[in-house]
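# Observations on chain architecture
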Amino acid sequence: MDLLRVEHLTKRFGGLTAVDDVSFSVREGEIYTIIGPNGAGKTTIFNLVSLIYSASAGRIVYRDEDLTGLAPDRVVTRGIGRTFQNIELFEHATVLQNLLIGCHARARSNVVAEMLFLPSVRRREVEHRQQVEKIIDFLDLQVHRDSRVAGLPYGVRKVVELARALCVQPRLLLLDEPSSGLNTEETDDMAYWIQDIRNLLGITVLMVEHDMSLVSRVSDRVLAVNYGKVLAEGTPADVQSHPDVVAAYLGD
């Protein structure tokens, strides 16, 4: 069953076509990865799916709902979480506080209830704290829970951003270059977590990634793009050996 369908997606910036008639689908329960050289349009596709950019043409259908034209903040309420290639955290807040913000992203607030701290608000805060504690345990962040993000190593901050994305309780998780800036050991840990997110938490993963060893280890299917166009789709091995993909990376 398709959880996400991208149909003839196109994005133009003035005279530049960054994404050109791209179509693909992500099945529920799979890890689907988009690859391509620098400037291929991978992150633009991500920004279109998460509605940060508006599409020039095409549709984005999630759980049979056309998301095209919705405001970006409505994506989270539909059960879609994401991380960013450049880490986007509140650096002067603690890890725990950052994760609680992730929980609040899906909460429906009532100003009067919040001001009076009514029982419904207190119950919601307890539920959020319980959710955060589960994610902290899942990603082994206990030792960093009360640390300010600004003082953490880069690799730990990448995991914190992943944790915050999980705190919105997504059904579809978008990971933008999850191994970017990580060393070999940290990349290995990231690979295990991505697999556990799918296998243990039941979350479908759509990923943009440049590390082909990570792509091969975790991906069920791969989409290769270049200059905003689809080159190939299939298993990691099939796509990596495709002549058009080889030419895109290495030249003719």
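In this report, the structure presented in the accompanying data block is examined.

Cut-offs and rules
Residues numbered from 1 in each chain as written. Predicted model: local features only at pLDDT ≥ 70, side-chain atom pairs only at ≥ 80, totals over all residues. Heavy atoms only, no water. Helix = DSSP H or I, 4+ residues; strand = E, 2+ residues; numbered from the N terminus. Buried < 20%, exposed > 50% of the residue type's maximum accessible area, 1.4 Å probe, protein only. Contact = heavy atoms within 4.5 Å. Pairing = 2+ DSSP bridges. Axes fitted to C-alpha atoms, helices over the stretch in contact; angles between N-to-C directions. Parallel < 35°, antiparallel > 145°, perpendicular 65-115°, else oblique. Nonpolar A, V, L, I, M, F, W, Y, C, P; charged D, E, K, R; others polar.

Before going further, it helps to spend a moment on the overall build of the chain. Looking only at helices and strands, one finds 10 helices and 10 strands in the chain. The buried share of the chain, reckoned over its 252 residues, is 48%. Of all intrachain contacts in the chain linking residues separated by at least 6 positions in sequence, the fraction that spans at least 24 positions is 68%.

Before going further, it helps to spend a moment on the sheet that holds strand 2 (residues 16–27). Strand order across the open sheet formed by 4 strands is 2-1-4-5, with antiparallel pairing between neighbours. Each edge of the sheet is formed by a strand with only one pairing partner; in this case those strands are strand 2 and strand 5 (65–66). Note: strand 1 (residues 2–13) against strand 2, 8 bridges, orientation antiparallel. In the strand pairing of strand 2, aspartate 2 is matched with arginine 27.

Relative orientation of the contacting elements helix 6 (residues 154–167) and helix 7 (residues 184–199) amounts to 10°, with a least axis distance of 11 Å. Compared by their axis directions, helix 6 and helix 7 come out roughly parallel. Listed contacts from helix 7 to Gly155, Val159, Leu162 and Leu166 of helix 6 are Glu186, Met190, Trp193 and Ile197. For the contact of helix 6 with helix 7, the residue count by class is 6 nonpolar, 1 polar and 1 charged.

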